[in-house]
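Structural features, examined
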Amino acid sequence: MPIQNGDGTKFVNSLALKGLLELHLAQDVQVKSYTVEPASHIRGHVTRSELNRVYINFSSSTAKQDVFKVIAKVKPLKGTLIEEFETSDAFEKETLMYKVVLPSLKELLAKFAVRLDFGPALIHSITSPTEVLFLEDLTETGYCTESTSLGLNFDQAKFALEKLAFMHAASAVILQKSPEALAKFDKGTFHQDYQSKLHYFTEAFDYVVEHGRDLGIDASLLAKLRSLPANLTKKAIEVYNDKNCFQVLNHGDFYTSNILFKYGKNGQLIDCAFVDYQNCFVGSPVIDLIYFLTTSVNADVLETHRNDLVYAYHDSLDVVLTTLGFKGHKPSLLELQLELLKKGALEVIFTLTAAPYLRSTDKKIVPAIIPSLHNDGVNKEFKSIGVTLLKENSAFLKAQLERFSRLGLMEWGAVENKVRGILGRFQKMAA
């Protein structure tokens, strides 16, 4: 049921909404009433913060009666993750993205006659009694999300990756000129500081292996999976924190539910926008690419057009970097492809631990993509329903595992064991 006039809602009142409207409309207004209800504009979306849609009935010098809609993203005052929010900087990072970073990216691109909005506009923010971001309601201008279970078609995936390339390229220029501007974004999903929260990935990985026969996974593939290091998060931490490669600001949770699309009257795709910037971090752009391709693209499209999508991303990245006068080394298409292979272990991990649940219509299992906002209580039903969600995506899992096997992406455990063995023999000889 909607919450009328703030009854039961601590983050909003008529005075705060009056200030918000007057700031946004630049005129005096009179708030007559308002309604707050859970936002449902993102189909199947799971957000750690509290997301509300606020309807404000008001009058002004130019309108006797009007309604203004806004999305209120609220740092929780109660609930399952309240302790996590007290120590996490995720909400602080998202606030910085909306207040400073996204406007800076937009301003930089505008200097070169490129006019883009990467997400909803920040209309207002407050810090008391809790932190709240009041954001533009993109559904009011025709944006919508697509089905996570169906996945994105080629045109949607290509469009999203091309726009992501603009964001990555502009951030690379900012990193080159003013690295301190993005200093806050130094930790992604896999970081040593989050080690105590990352056991989700090892357990989810083992869960797939445990139910592999039920999923119809070939015995030879299961044997390869079992050979991977028990602490596979160590490998992922290495990938995320590799600074010896081209660096950009990654979205960090770039998948279907965090991408809204807009279509013209003829059904033609004309724009997309990104939301949920709590997990942004500086690192290799292939991390966003791997996560997106693994979790969001329709399985058939991924099988037949994966290289086309990577090419489209690289083409846009290269053009924008050149346009913006980037002075550093621009990765070639071949270098980008090699980087994807080099960091292929991450693709294996995300395919088994995140993709089956983010591709599902049932969002009862939440991968620990934002580890600082994760606790085990969120996934209390994992053991009982996890295998059902895996079976829904078994064809996708098997196809990806066969591809990984052909590319040797599941050999990194054996290779690392061999290296350790050789080093051990050398140490014994030296002794």
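Notes on the structure follow. Everything quoted here is computed from the prediction, not taken from an experiment. Sequence positions are assigned chain by chain, starting from 1 and proceeding in written order. Reporting of local features is limited, given that this is a predicted model, to residues whose pLDDT is at least 70; pairs of side-chain atoms are given and counted only at 80 or more, and all residues count toward the totals for whole chains, interfaces and linings. As a convention, hydrogens and water are excluded, and side-chain values are obtained from all of the structure's heavy atoms.

1. Comments concerning the overall build of the chain
Only DSSP runs of H or I with at least four residues qualify as helices, and only runs of E with at least two residues qualify as strands; both kinds are numbered from the N terminus onward. Along the backbone of the chain there are 15 helices and 11 strands. Taking 2.2 N^0.38 as the reference for a compact globule, 431 residues should give roughly 22 Å; the C-alpha atoms of the chain span a radius of gyration of 23 Å, in line with that estimate. In terms of its C-alpha atoms, the chain occupies a principal-axis envelope of roughly 85 × 50 × 50 Å. Put simply, the chain has 431 residues, and 54% of those count as buried. A total of about 19,200 Å² of accessible surface is found on the chain, and carbon and sulfur atoms cover 52% of it. Note on method: radius of gyration uses C-alpha positions; expected globular size equals 2.2 Å times residues raised to 0.38. Three exposure classes are used, based on accessible area relative to the maximum for each residue type with a 1.4 Å probe and protein chains only: buried under 20%, partly exposed in between, and exposed over 50%. In these tables, accessible area is a Shrake-Rupley quantity obtained with a 1.4 Å probe, and a residue counts as shielded only by the protein chains included in the view.

2. Focus: helix α5 (residues 199-210)
The end-to-end C-alpha distance of α5 is 16 Å, a good match for the 16 Å that 12 residues give at a rise of 1.5 Å each. Buried within α5 we find Y200, F201, T202, A204, F205, Y207, V208 and V209. Lining the buried residues of α5 we find α6 (219-226), α7 (233-240), α11 (344-353), α12 (355-358) and α13 (382-392). Take the number of residues in a helix, subtract one, and multiply by 1.5 Å to get its expected span. Whether two residues touch is decided by their heavy atoms; if any such pair falls within 4.5 Å, the residues are in contact.

3. Side note on the packing of α5 against α11
Here an angle of 0 to 180 degrees is reported between the N-to-C directions of two axes, which are lines fitted to C-alpha atoms, with helices fitted over the stretch in contact. Contact pair α5 / α11: the axes reach a minimum separation of 8 Å and the direction vectors enclose 70°. Looking at the two axes, α5 sits roughly perpendicular to α11. For the pair formed by α5 and α11, the contact residues are Y200, F201, A204, F205 and V208 on the first element and V348, I349, F350, L352 and T353 on the second. Note that Gly is not counted as nonpolar here; it falls among the polar residues with everything else outside the nonpolar set of Ala, Val, Leu, Ile, Met, Phe, Trp, Tyr, Cys and Pro and the charged set of Asp, Glu, Lys and Arg. Looking at the contact of α5 with α11 residue by residue, the class counts come to nine nonpolar, one polar and no charged. Oblique is the label for any angle not covered by the other classes, which are roughly parallel (under 35 degrees), roughly antiparallel (over 145) and roughly perpendicular (65 to 115).

4. Looking at the packing of aromatic side chains
Geometry of aromatic contacts follows a simple scheme: Phe, Tyr and Trp rings, the Trp one being its six-membered ring, pair when their centres are within 6.5 Å, and the pair is stacked under 30 degrees between planes, edge-to-face over 60, tilted otherwise. Taken as a whole, this structure holds 11 aromatic pairs when the rule is applied. An angle of 50° between the planes, with centres 6.2 Å apart, marks the rings of F190 and F350 as tilted. Of this pair, F190 sits in the loop between α4 (154-177) and α5 while F350 is found in helix α11, placing the two residues 160 residues apart along the sequence. The same class applies to F190 and to F350, which are both buried. Considering the side-chain rings of F246 and F326, the 5.8 Å spacing of their centres and the 85° angle between planes classify their relative orientation as edge-to-face. A residue pair is termed long-range when its members are at least 10 positions apart, and F246 in the loop between α7 and β8 (248-250) and F326 in the loop between α9 (299-323) and α10 (333-342) qualify at 80 residues. The buried category is assigned to F326, whose relative accessible area is 14%. These aromatic residues form a ring-pair network of at least three members: F190, Y200, F201, Y240, Y255, F281, Y291 and F350. Any Lys NZ or Arg CZ found within 6 Å of a ring centre and within 35 degrees of that ring's normal is scored as a charge over the ring. The aromatic ring of F396 is capped on one face by R359, whose charged end is 4.1 Å from the ring centroid.

5. Structural notes on the environment of L222
In this structure, L222 sits in helix α6. Once you skip the residues sitting within four places of it in the chain, L222 turns out to touch V209, G212, R213 and I217.

6. What about the nonpolar core?
Core analysis: the biggest nonpolar cluster contains 119 residues, and F190, F201, L225, F292 and F350 have the highest contact counts within it. Look past the residues within four positions of F350 in its chain and what remains in contact with it is F190, F201, Y240, I290, Y291, T294, A355 and I369. By nonpolar core is meant a set of buried Ala, Val, Leu, Ile, Met, Phe, Trp, Tyr and Cys residues that side-chain atoms within 4.5 Å join together. If you look at the next biggest cluster of nonpolar residues, it comprises 19 residues, including V12, Y34, V36 and F68.

7. So, the pattern of salt bridges
Between Lys or Arg on one side and Asp or Glu on the other, a salt bridge is scored when a side-chain nitrogen of the former is within 4 Å of a carboxyl oxygen of the latter. Under the counting rule described, the total for this entry stands at 20 salt bridges. One salt bridge connects E84 with K197, and the closest N-O pair in it is separated by 3.5 Å. Remark: K197 occurs in the loop between α4 and α5 and E84 occurs in helix α2 (residues 82-87); sequence separation between them is 113 residues. When its relative accessible area of 22% is taken as the criterion, K197 is described as partly exposed. Three or more residues are tied together by salt bridges with common partners; here these are D242, E339, K342 and K343.

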